[in-house]
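# Commentary on secondary and tertiary structure
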Amino acid sequence: MLELLQFTFMQRALIAATLTGAVCAVIGVYVVLRGMSFIGAGISHASFGGVALGFFLRINPFHTAVVFCLLVAWLIGWVSERQRLREDAAVGIFFASTMAFGVLLVGLLKGVQVDLFGYLFGNILAISSTELLSMVALALVVFTVIVFFYKELLLLTFDAEMAAVIGLSVRGFNFIFLTLLALTIVLSIKAVGIVLVSALLVIPAASAAQLTDRFRNMMIVSVVFGVVSCWVGLFLSAVLDIASGATIVLTATFFFFISMLISPQRKKMRMRIGKLQKQSPEEYQESNPY
Amino acid sequence: MSDSLIELNQVSVAYQDKIVLEDISLSVNRGDFLGILGPNGSGKTTLLRTILGLTKPFSGQVSVFGRHPQRLGKLREKIGYVPQQSQLDLSFPIAVKDVVMLGRTHKIGLGKSPGKKDHEAVQRALKLVYLEDLAERQFGRLSGGQRQRVLIARALALEPEVLMLDEPTAALDVGVAESFFDWLHTTHANLGLTLLLVTHDVAVVPRYVTAVACLNKHLVAHGLPETVLTEEGLHAMYGCGALFFHHGSVPHMVVARKNQSDG
Ligand SMILES: Nc1ncnc2c1ncn2[C@@H]1O[C@H](COP(=O)(O)OP(=O)(O)OP(=O)(O)O)[C@@H](O)[C@H]1O
Ligand SMILES: [Mg+2]
């Protein structure tokens, strides 16, 4: 298996897998905790419109996808700010309309050969060095912002009202977050594809949530799950010659079920029930300090 | 007058087109302990939110520390707020002490992590609400009253000059509530903390506060507890559905079943 790493395409794929896994896992923690997984799916499907536009205008689909995803992310944020419309309705509108837009453009491309399949389902083994470079740049931006605004994003995720009370611009941070989310999605399209990105956003973070009860730990465990899933998926797909994106997502899903089975929450529940039956006096004292 | 920290001048607030506060003029001086009373839906929470700059009045002026509440800047660190009820995610992976630390987010500053001073402030705040033993517990695994104490600690961790409390004792047992009020009273006396307390506890108010504001969309009455909390005053505020009877100077109230709720 290690001799595979002699190939440059494999080295590039490995770096791409690491970046994708880590960035998706970090952003995914916020996505899961804020219940935004549908937005993730919405923005990633919107990128189909962006990719199709790139093919149509004969410019790099990656670039049009970045612009398109950012615009859609901001539009979703803006529309759902008007309180008459809930976020999921806003997502639903853009989800479908941007896909429709993409389908329309692809239909107009009669006779032109385009690698749509690679964008839809990802092809991590075919990443060019320029693409890799833009992935590195995007990942750096995402990580820098997350580290710099760590406290603020945590407060915003946990208690948006309190964030407003202490004078944080909830709107501003939502905007920043949607921007990061859109960048993360575009960054991951090459590796796992439009259809499967949202899975990589949700599954590692959801797995981590089973195993931890601290935000920072959830972040770390999520990154471990994300990166390991991408590595395992990558090697399996290279060795068995199967689709990389699908293999990565299925590997992540496998880890999710494992983490559900070994979740300490379930263990604690069992222990608690046992404890309650014995009616331990400490437990009672704890809830009543006087 | 120069000591006035919070000034409201003919303030009116509406949600969509429903007016909930009308023509409120009120000033709170440094060191005041203002009790805010009023029936459900009378605009008490809205009043606090207006002072915090979370809700914009459609007419009138609000000033806090002599400034517009939305342009407080650094002065925001001097204001602690305990919300009435928060819709917080109980499965959120966060420890009690970290929730309290979040109260200091802006004091710690952008891009910095908490230092020794911050950890000490969190410890002190937890001690004040008797939660130091549960500091490491996940927030969602507390009882409702314990969670409310965490939110009180979160406001205290800021070591504020002004503390606004929206029914902070609603979920507390009598013992904790009593000692919390006692603590508020001593802190207020010793540190010159300025307090705004929303409560339904008409029996508690006169024992601790220096002034009372009675709301019912309008500022029905405002002044010393003994002059405001008369039978007529309470009657004007709570409407005809309430019966009052006095035991000495502390009024007790029984609210009769109302046919319609907020108007
Ligand atoms: N976000 C909102 N949108 C529309 N109306 C609102 C909103 N919040 C409050 N209201 C209305 O404004 C009025 C005042 O509400 P507020 O929460 O200030 O009352 P309150 O005095 O704090 O009541 P309680 O004792 O129940 O806490 C109520 O009639 C309420 O229905
Ligand atoms: Mg209220």
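Residues numbered from 1 in each chain as written. Chains lettered and ligands numbered in written order. Predicted model: local features only at pLDDT ≥ 70, side-chain atom pairs only at ≥ 80, totals over all residues. Heavy atoms only, no water.

A few words on the overall build of chain A. Scanning chain A for helices and strands turns up 14 helices and 0 strands. For chain A, the succession of helices and strands along the chain, N to C, is α-α-α-α-α-α-α-α-α-α-α-α-α-α. Relative to the compact-globule value of 19 Å for 290 residues, chain A shows a C-alpha radius of gyration of 21 Å, a close match. Across its three principal axes, chain A shows a C-alpha extent of roughly 80 × 55 × 30 Å. Across the 290 residues of chain A, 50% fall into the buried class. For chain A, the share of sequence-separated contacts (at least 6 apart) that also reach a separation of at least 24 residues comes to 76%. Taken as two groups, the 19 positive and 14 negative side-chain charges of chain A have centres that lie 2 Å from each other. (Helix = DSSP H or I, 4+ residues; strand = E, 2+ residues; numbered from the N terminus. Rg over C-alpha atoms; globule rule 2.2 N^0.38 Å. Buried < 20%, exposed > 50% of the residue type's maximum accessible area, 1.4 Å probe, protein only. Contact = heavy atoms within 4.5 Å. Lys, Arg positive; Asp, Glu negative; His and termini not counted. Charge placed at Lys NZ, Arg CZ, Asp CG, Glu CD.)

Moving on: the overall build of chain B. Looking only at helices and strands, chain B features 9 helices and 11 strands. Expressed as a percentage of its 263 residues, the buried residues of chain B come to 51%. A fraction of 63% describes how many contacts in chain B between residues 6 or more apart in sequence connect residues 24 or more apart. Taken as a whole, chain B presents about 11,900 Å² of accessible surface, with 50% of it coming from carbon and sulfur. (Areas by Shrake-Rupley, 256 points an atom, 1.4 Å probe, with all protein chains shown as cover.)

Quick look at the sheet that holds strand S1 (residues 4-15) of chain B now. Residues and elements named next belong to chain B. Spatially, 3 strands are ordered S2-S1-S4 in an open sheet, and the strand pairing comes out antiparallel. In this open sheet, the two edge strands, each paired with only one partner strand, are strand S2 (18-29) and strand S4 (59-64). Mean inter-strand twist for the sheet, computed between neighbouring axes without regard to direction, equals 20 degrees. Two strands pair when backbone bridges link them, and S1 and S2 are joined in this way by 8 bridges, in the antiparallel orientation. Bridge pairing in S2 links Val 11 to Ile 24. Relative to S1, helix H1 (residues 44-52) is tilted by about 120 degrees, and along the sheet it contacts S1, S2 and S4. (Pairing = 2+ DSSP bridges. Axes fitted to C-alpha atoms, helices over the stretch in contact; angles between N-to-C directions.)

Our next topic: the side chain of A:Thr184. Residue and element names in this part refer to chain A. Following the sequence through the fold, Thr 184 ends up in helix H9 (residues 170-192). When its relative accessible area of 0% is taken as the criterion, Thr 184 is described as buried. Polar contacts involving the side chain of Thr 184 include one to the main-chain carbonyl oxygen of Leu 180, which spans 2.7 Å. With residues up to four places along the chain from it excluded, the contact list for Thr 184 reads Val 23, Cys 24, Ile 27, Val 142 and Leu 201. (Polar contact = N/O pair within 3.5 Å; in protein donor to acceptor, adjacent residues only side chain to side chain.)

Attention now goes to the packing of helix H1 (residues 8-33) of chain A against helix H11 (residues 215-240) of chain A. Residue and element names in this part refer to chain A. One can describe the packing of H1 onto H11 by two numbers: an axis separation of 8 Å at closest approach and a directional angle of 145 degrees. For the element pair H1 and H11, the recorded crossing hand is right-handed. Grouping the amino acids of the contact of H1 with H11 by side-chain chemistry returns 21 nonpolar, 4 polar and no charged. (Left-handed = near helix turned anticlockwise from the far one by under 90°. Nonpolar A, V, L, I, M, F, W, Y, C, P; charged D, E, K, R; others polar.)

What follows concerns the coordination of the magnesium ion (ligand 2). All names here are of chain B. Around the magnesium ion (ligand 2), the protein contributes the donor atoms Thr 45 (OG1) and Gln 84 (OE1), which lie 1.9 to 2.2 Å from the metal centre. Of the two residues, Thr 45 sits in helix H1 while Gln 84 sits in the loop between strand S5 (79-82) and helix H2 (96-102), which places them 39 residues apart along the sequence. Looking at Gln 84, the relative accessible area reads 30%, which means it is partly exposed. (Donors = N, O, S within 2.8 Å, 3.2 Å for Na, K, Ca; no water.)

By the definition in use, this model includes 15 salt bridges over all chains. Put simply, B:Glu159 and B:Arg104 hold a salt bridge, and the shortest N to O gap is 3.6 Å. Highlighted residues: B:Glu159 in the loop between helix H5 (144-156) and strand S6 (162-166) and B:Arg104 in the loop between H2 and helix H3 (105-108), separated in sequence by 55 residues. By relative accessible area, B:Glu159 is classed as partly exposed at 41%. One salt-bridge network, held together by shared partners, links A:Asp213, A:Arg214, B:Lys97, B:Glu136 and B:Arg141. (Salt bridge = Lys/Arg side-chain N within 4 Å of Asp/Glu carboxyl O.)

All names here are of chain B. Across the sheet, 6 strands lie side by side as S5-S6-S7-S3-S8-S9; this open sheet has mixed pairing. At either margin of the open sheet sits one strand with a lone partner, and together these are S5 and strand S9 (218-223). The average undirected angle you get between the axes of adjacent strands in this sheet is 15 degrees. Here strand S3 (residues 33-37) runs beside strand S8 (residues 211-216); their pairing, made up of 4 bridges, is parallel.

Now for the interface of chain A and chain B. Of the residues lining the interface, 30 residues belong to chain A; the matching set on chain B comes to 37 residues. In this structure, the connection of chain A to chain B is made through 9 residue pairs in polar contact (both at pLDDT 80 or more). Those elements giving two or more residues to the side of chain A that touches chain B turn out to be helix H7 (150-158), helix H8 (160-165), H11, helix H13 (264-278) and helix H14 (281-287) of chain A. A per-element tally of the side of chain A that touches chain B places H7(A) first, with 6 residues. Split by residue class, the side of chain A that touches chain B holds 14 nonpolar, 6 polar and 10 charged.

Shape is all these values report; function is a separate question.
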